[in-house]
Amino acid sequence: MKIYLDGKLVPEKSAKISVFDHGLLYGDGVFEGIRSYNGRVFMLKEHVDRLFRSAQAIALKIPLTREQVCRAVVRTCRANGTLNGYIRLVVTRGVGTLGLNPYLCSKPSVIIIAATIQLYPKKLYQDGLSIVTVGTIRNHTESVNPAIKSLNYLNNILAKIEAINAGCMEAVMLNPQGFVAEATGDNIFVVRGDRLVTPPPSAGTLEGITRNVVMDLARKAGLRVSEEMLTRYDLYTADEVFLTGTAAEVIGVVNIDRRTIGTGRPGDVTRRLAGLFHAFAPQNGMPI
Ligand code: PXG
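Values in this document were obtained by computation on a predicted structure and should not be read as measured data. (Residues numbered from 1 in each chain as written. Predicted model: local features only at pLDDT ≥ 70, side-chain atom pairs only at ≥ 80, totals over all residues. Heavy atoms only, no water.)

> I tried to follow the overall build of the chain on my own but got confused; where do I start?
A count of helical and extended segments in the chain gives eight helices and 16 strands. Since a compact globule built from 288 residues should have a radius of gyration of about 19 Å, the 19 Å found for the chain is in line with a globular shape. Of all 288 residues assigned to the chain, the portion counted as buried reaches 51%. Considering only residue pairs separated by 6 or more positions, the chain has 70% of its internal contacts joining residues 24 or more positions apart. (Helix = DSSP H or I, 4+ residues; strand = E, 2+ residues; numbered from the N terminus. Rg over C-alpha atoms; globule rule 2.2 N^0.38 Å. Buried < 20%, exposed > 50% of the residue type's maximum accessible area, 1.4 Å probe, protein only. Contact = heavy atoms within 4.5 Å.)

So this is what it looks like as structure tokens:
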């Protein structure tokens, strides 16, 4: 595998960064996870725009333009034949001193890995996921704002550990006010009749690219879509619940905190939206 590292495609074995990189020392940096389908990089512009917003929010200057980042992603996919794969785009603060000061880091590093992805088992898409709400709350919006896709995912990792220890693969995180925020790496939706509801970004939710695509597809399919604060009550009493994300795509949730949701099977709306997503994704994206 060839890795893009600061402008060069280098063999995997020599793709190394310094132990003084603040990405490693402090989780100081930003990233994106992107899919390619059918020889196209899905929603590349939207991912790169979000990367730049994340970087801007942490006062990190990406040493490339948006167009150059897009071209670098496509070039890395081409070099690796990543026609249906998973791309990790990372910008670290770069090499600095042993101290927090980011202004002492002279040059951010840009890393692009074009690989494949480990999906949830197929059976889970048919049968639905069981998830739990956990004690670890989503970051306060005046802490590391959840809109920032930063390299510091420890909060989400703590939530994931709680979920796994409870025998589940995913966790629902609440925000400091007790409203539903999102899962550790996915957005959450509830279905009530012909209405789709998902928390707004102000709830402490990453504005997921998959989330936005699914909201558009749902509106076009005649469903009503809104962003509202949700409580656990809204999850427990929903007709359907599903998660969206680059890795998971669209996956039904059939059990939350050991309570059955809806019929206990992924519902009609969830399955319809998953179908629309799978038809849309391979047709849309930047050609490799
Ligand atoms: N919330 C959080 C906290 C995320 O990290 C999403 C929602 C969904 O956003 P997108 O834009 O992907 O629809 C994410 C994205 C992984 C993995 O390996 C996780 C994400 C993306 C890619 C891979 O678990 N999280």
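> Would you explain the site of the ligand in this entry?
Neighbouring residues of the ligand: 19 residues in total, closest Y153, E182, I209, T210 and T246. One nitrogen or oxygen atom from the main chain of G185 is found 3.2 Å from a nitrogen atom belonging to the ligand. Within the backbone of I209, an N or O atom sits 2.7 Å from an oxygen atom of the ligand. Expressed as a share of its isolated accessible area of 540 Å², the protein-covered part of the ligand is 85%. With respect to the detected pockets, the ligand is housed in the largest pocket. Every element with two or more residues in the shell around the ligand is listed here: β5 (85–92) and α6 (209–220). Looking at side-chain class alone, the shell around the ligand contains five nonpolar, eight polar and six charged residues. The residue makeup of the shell around the ligand includes at least three contributed by each of domain 1 (2–115) and domain 2 (122–283). (Near = heavy atom within 4 Å. Polar contact = N/O pair within 3.5 Å; in protein donor to acceptor, adjacent residues only side chain to side chain. Areas by Shrake-Rupley, 256 points an atom, 1.4 Å probe, with all protein chains shown as cover. 1 Å grid on protein atoms, 1.4 Å probe; cavity = no way out; pocket = protein on both sides within 12 Å on 5 of 7 lines; lining within 4 Å. Sits in = over half its atoms within 2 Å of the grid points. Nonpolar A, V, L, I, M, F, W, Y, C, P; charged D, E, K, R; others polar. Domains from an automatic or database assignment.)

> Can you help me understand the pairing of strand β7 (residues 129–133) in this one?
When a strand is regular, its side chains alternate between the sheet's two faces. The buried fraction of β7 amounts to four of the five residues, a majority that puts the element mostly inside the structure. Alignment of β7 against strand β14 (residues 249–256), held across three bridges, turns out to be parallel. Bridge assignment links I131 to a residue of β14, and that residue is I256. With helix α5 (residues 154–165) bridging β7 and the parallel strand β8 (residues 170–174), this β-α-β connection has right-handed handedness. (Pairing = 2+ DSSP bridges. Right-handed = clockwise from strand over helix to strand, strands pointing away.)

> Just checking my understanding: could you explain the nonpolar core for this structure?
Across soluble globular proteins, you tend to see nonpolar side chains buried next to one another. With 25 residues, the main nonpolar core has V30, V41, L44, V73, I87 and L89 as its most contacted residues. When residues of this core are assigned to their parent elements, the largest contribution, six residues, is made by helix α3 (residues 66–80). Apart from the residues lying within four places of it in its own chain, the contact partners of V30 are L51, S54, A55, I58, L60, L89, V90, V91, I148, K149, S150 and L151. Within the second largest apolar cluster, 22 residues are counted, among which are Y120, L129, V253 and I256. (Core = buried A, V, L, I, M, F, W, Y, C linked by side-chain atoms within 4.5 Å.)

> Just checking my understanding: could you explain the pairing of strand β13 (residues 240–245) for this structure?
Counting buried residues in β13 gives six out of six residues, a clear majority hidden from the surface. Taking every second residue as pointing to the same face, both faces of β13 are buried, with E240, F242 and T244 on one and V241, L243 and G245 on the other. Bridge count between strand β10 (residues 187–192) and β13: five bridges; the pairing is antiparallel. Bridging across to β13, N187 finds its partner in T244. When β13 meets β14, the two strands line up antiparallel, connected through five bridges. Considered in β14, the bridge of G245 is made with E249. The antiparallel hairpin formed by β13 and β14 contains three residues in its connecting segment.

> Would you take a moment to explain the environment of N212 for this structure?
Considering the arrangement of structural elements, one finds N212 in helix α6. Judged by relative accessible area, which is 27%, N212 ranks as partly exposed. For the pair N212 and T244, spaced 32 residues apart in sequence, the C-alpha to C-alpha distance is 9.5 Å.

> So what exactly am I meant to see when it comes to the domain arrangement of the chain here?
It is common to report an interface's size as the accessible area lost on association of the parts. Looking at the chain, the domain boundaries give domain 1 (2–115) and domain 2 (122–283). For domain 1 and domain 2, the distance between their C-alpha centres works out to 26 Å. Tallying the contact residues gives 26 residues for domain 1 and 20 residues for domain 2. Approximately 1,800 Å² of surface area, both sides summed, lies buried where domain 1 meets domain 2, with 65% of it carried by carbon and sulfur atoms. Area buried by domain 1 at its contact with domain 2 is led by F31, F42 and R50, which between them contribute 34% of it. In this assembly, domain 1 and domain 2 are joined by one salt bridge. Across the salt bridge formed by E249 and R35, the nearest N and O atoms sit 3.0 Å from each other. Along the contact surface separating domain 1 from domain 2 lie 10 residue pairs in polar contact (both at pLDDT 80 or more). Secondary-structure elements contributing two or more residues to the side of domain 1 that touches domain 2 are α1 (22–26), β3 (29–37), α2 (44–57) and β5. (Buried area = accessible area lost by both parts, 1.4 Å probe. Salt bridge = Lys/Arg side-chain N within 4 Å of Asp/Glu carboxyl O.)

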